[in-house]
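# What the coordinates show
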Amino acid sequence: NNSGTTGTAKPAGTTGCEVWVKIGDTPPTGPSELRFLGVATRTPYTVIHDEADAGKMAHYMLRWLSTRGEPGPWSETVSATIAA
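Structural notes, computed from the coordinates. (Residues numbered from 1 in each chain as written. Predicted model: local features only at pLDDT ≥ 70, side-chain atom pairs only at ≥ 80, totals over all residues. Heavy atoms only, no water.)

### Some remarks on the pattern of salt bridges
Counted under the stated rule, the structure contains four salt bridges. A salt bridge links E18 to R63; the shortest N-O distance between them is 2.5 Å. In this pair, E18 is assigned in strand β1 (residues 14-23) and R63 in strand β3 (residues 57-66), connecting sequence segments 45 residues apart. R68 is paired through a salt bridge with E70; the nearest N and O atoms lie 4.0 Å apart. Overall, the relative accessible area of 71% leaves R68 in the exposed class. When its relative accessible area of 44% is taken as the criterion, E70 is described as partly exposed. (Salt bridge = Lys/Arg side-chain N within 4 Å of Asp/Glu carboxyl O. Helix = DSSP H or I, 4+ residues; strand = E, 2+ residues; numbered from the N terminus. Buried < 20%, exposed > 50% of the residue type's maximum accessible area, 1.4 Å probe, protein only.)

Right under this line is the structure:
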């Protein structure tokens, strides 16, 4: 499926997806609280966290980049516990 709404295909006109994170108990209230991790051009995108962050919550927000490098709208926040 190349529609960009399901599966792993990037939406048409995009080069990748910016990956941002906030480590801590509470989810971010906005992008200013996030730290940039990188641009995912393929799936899966793997994040290696510091051992000191094991057991803490990681809150991720993403946004697509156009082929001109322009970011799209922010995703919903997705949170997970960092594995030990």
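### A short note on the nonpolar core
The tendency in soluble globular proteins is for nonpolar side chains to be buried side by side. Residues V19, V21, A40, A58, Y60 and I82 constitute the largest nonpolar core, which totals six residues. When residues of this core are traced back to their parent elements, those giving at least two are β1 and β3. Contacts of A58, omitting those with residues within four sequence positions, involve V21, K22, I23, H49, V78, S79, A80 and I82. (Core = buried A, V, L, I, M, F, W, Y, C linked by side-chain atoms within 4.5 Å. Contact = heavy atoms within 4.5 Å.)

### Here we look at the side chain of E18
Take E18: its relative accessible area is 11%, and that puts it in the buried class. A distance of 3.1 Å separates polar atoms of two side chains, one belonging to E18 and the other to W20. A polar contact is formed between the side chain of E18 and the side chain of R63, at a distance of 2.5 Å. Sequence-distant contacts of E18, that is, excluding residues within four places in its chain, are made with F36, G38, V39, M61, L62, R63, L65 and P71. (Polar contact = N/O pair within 3.5 Å; in protein donor to acceptor, adjacent residues only side chain to side chain.)

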